[in-house]
Structure formats: structure tokens, C-alpha cells
Amino acid sequence: MEPQMDSEHKPVPSARRDGARRAQLCSAAPPTLLAPSPPSRSPLSSREAASTPAGGACAEPLQVHYQPGQEYRPHFDWLSPTDARFAERTRDTGNRLLSFFIFLSGCDAGGCTAFPRLKQRFPPEAGSGLVWYNLDRDGAPDERTLHAGEPVERGEKWGLNIWLRERPRRPPTA
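Quick caveat, the model's predicted, so the values are computed rather than measured.

Engineer: How would you sum up the overall build of the protein chain? Please name residues and give values.
Structural biologist: Helix and strand counts for the protein chain stand at two helices and twelve strands. Secondary structure elements of the protein chain occur, N-terminal to C-terminal, as β-β-α-β-β-α-β-β-β-β-β-β-β-β. Within the protein chain, the fraction of its 174 residues that count as buried is 44%. In the protein chain, once contacts between residues fewer than 6 apart in sequence are set aside, the share between residues at least 24 apart is 82%. Surface summary for the protein chain: the accessible area is close to 10,100 Å², and the carbon and sulfur share equals 52%.

Engineer: Go over the packing of aromatic side chains, please, and point to the residues and values.
Structural biologist: When we look at a pair of aromatic rings, we describe it by the centre distance and by the angle of the planes. Under the criterion given, the structure shown has four aromatic pairs. Arranged with centres 5.2 Å apart and planes meeting at 85°, the rings of F101 and F103 form a pair that is edge-to-face. Of the residues examined, F101 reaches a relative accessible area of 5% and is grouped as buried. By relative accessible area, which is 1% here, F103 ends up buried. When the ring of F115 is compared with that of W132, the centres are 5.0 Å apart and the planes differ by 85°; the resulting orientation is edge-to-face. Of this pair, F115 sits in strand β7 (residues 113–115) while W132 sits in strand β9 (residues 129–133), and the two are 17 residues apart along the sequence. Pair check on accessibility: F115 and W132 agree, each one buried. Counting every residue linked through ring pairs, the aromatic cluster contains F115, F122 and W132. Positioned above the aromatic ring of W163, the side-chain terminus of R96 is 3.9 Å from the ring centre. Over the ring of Y66 we find K157; its NZ or CZ atom is 4.5 Å from the centre of that ring.

Engineer: Please provide a residue-by-residue account of the side chain of T113, values included.
Structural biologist: Locating T113 in the fold gives a position in strand β7. T113 has contacts with F101, F103, Q120, R121, F122, L130, A148 and K157, leaving out every residue within four places of it along the chain.

Engineer: Can you tell me about unusual backbone geometry, naming the residues and giving the values?
Structural biologist: One non-glycine residue, K119, lies in positive phi territory at about 55°. Among the structural elements, K119 can be located in the loop between β7 and β8 (120–122).

Engineer: Lay out the nonpolar core in plain terms, naming residues and giving numbers.
Structural biologist: Inside soluble globular proteins, nonpolar side chains tend to come together where they are buried. Core analysis: the largest hydrophobic core is formed by 14 residues, its most contacted members being V64, Y66, F101, F115, L130 and W132. Of all the secondary-structure elements, those providing two or more residues to this core are β3 (59–66), β5 (96–103) and β9. Here the element with the most residues in this core is β3; it accounts for three residues. The residues touching F101, leaving out its near neighbours within four places in the chain, are V64, T113, S128, G129, L130, W132, K157, G159, L160 and N161. I102, L160, I162 and L164 belong to the second-largest nonpolar core, a separate cluster that totals seven residues.

Engineer: Give a description of the pattern of salt bridges that names residues and reports values.
Structural biologist: Scanning the entire structure with this criterion turns up five salt bridges. A salt bridge links R121 to E150; the nearest nitrogen and oxygen atoms lie 2.6 Å apart. Within this pair, whereas R121 is found in strand β8, its partner E150 is found in the loop between β10 (147–149) and β11 (152–154), the two being separated by 29 residues in sequence.

Engineer: Break down the pairing of β9 for me, with residues and values.
Structural biologist: With four of five residues buried, β9 lies mostly within the body of the structure. Strand direction decides the pairing type here: β5 and β9, joined by five bridges, are antiparallel. Paired with S99 across the two strands is W132, which belongs to β9.

About the cut-offs
Residues numbered from 1 in each chain as written. Predicted model: local features only at pLDDT ≥ 70, side-chain atom pairs only at ≥ 80, totals over all residues. Heavy atoms only, no water. Helix = DSSP H or I, 4+ residues; strand = E, 2+ residues; numbered from the N terminus. Buried < 20%, exposed > 50% of the residue type's maximum accessible area, 1.4 Å probe, protein only. Contact = heavy atoms within 4.5 Å. Areas by Shrake-Rupley, 256 points an atom, 1.4 Å probe, with all protein chains shown as cover. Phe/Tyr/Trp six-rings, centres within 6.5 Å; stacked < 30°, edge-to-face > 60°. Lys NZ or Arg CZ within 6 Å of the ring centre and 35° of its normal. Core = buried A, V, L, I, M, F, W, Y, C linked by side-chain atoms within 4.5 Å. Salt bridge = Lys/Arg side-chain N within 4 Å of Asp/Glu carboxyl O. Pairing = 2+ DSSP bridges.

As C-alpha cells, this is what we get:
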């Protein structure tokens, strides 16, 4: 399955980067490493979303696939208040409050998820993941959450993004 990304964030070929190292976690920093867990029969999006008060009604999943030389350039997961379509995109469900990135596979080299403003990098390890808040306590976008999928050097990387919105989707009215 090819990634479903818009042209602004589409994986693109890039130069090789070396020197990946395991990041030290800081408990005060937004991204938190989730340890690998045993396989589950239930889909990850259902399992992760079930831990929220609104269940899956706030979840917005997206599967991504990186091949050698592909990357996901630095970006934020929150929707920008300066975007012309911000009001339309956040009217019903609000902004992307929380991000989960689950590593469905690792890769042979490269492919770290990097948070440059926090000076942290996380190598892909199948079954592990990251979670962070995109908005601060006042609901404003947190600029520290700038992150990127670094180029895969060897192998392939599969991941699953799950964004939880501030409010659940309303059921359709009859």
C-alpha cells in the first residue's frame, strides 16, 4: 500500500545520512517511547483509541510506507491556525491533540523519527511507538513537536499514525 500523503508531505528521495544513535528520553519532553508489546488480534487503531474517553470517535489513522531514500520532511501534526481552511477543518472535531506513531516494522538502516527542536531521534523498532501532545495546556500549537521521518537507507519502514482530535465526531443525523 502506498502512503496517502498530500504533495506537501509526500516521501521524497534524499541524500544518505549516517550516524544514527539511540536517543535518551527526557520525561519532560513531548515524545514518549512506547515499548514493544505482544501482538494483539484487535487493530492498533481500535486498541489505542479505546484508551481515550471518546473511544475511536476522535481517531484519525493513516498508514505510511517508506522505501530506501524516502523521508517525511519536518512538519507538525497540528493544524495551523493560519491555514485558510483551519476553521473548516477543526469546526467539528477540533485540532489534533495527540499523536501516536507506531512502528509496524523496523528497517536495516536509517529511518529514525527525529524531533530537531528537542534534539531527539528514535530508531524504528517493530512493535514500539511514540506518543506526544501537539497542543499545549492552553490549546495552542506546540512548536517543539516539529518532527520528521529521516531517510530510510536500507530496507523498508512501515508505520501507523493515529491522531486523536480534541472532540469526538458527531454521529450522522437522520
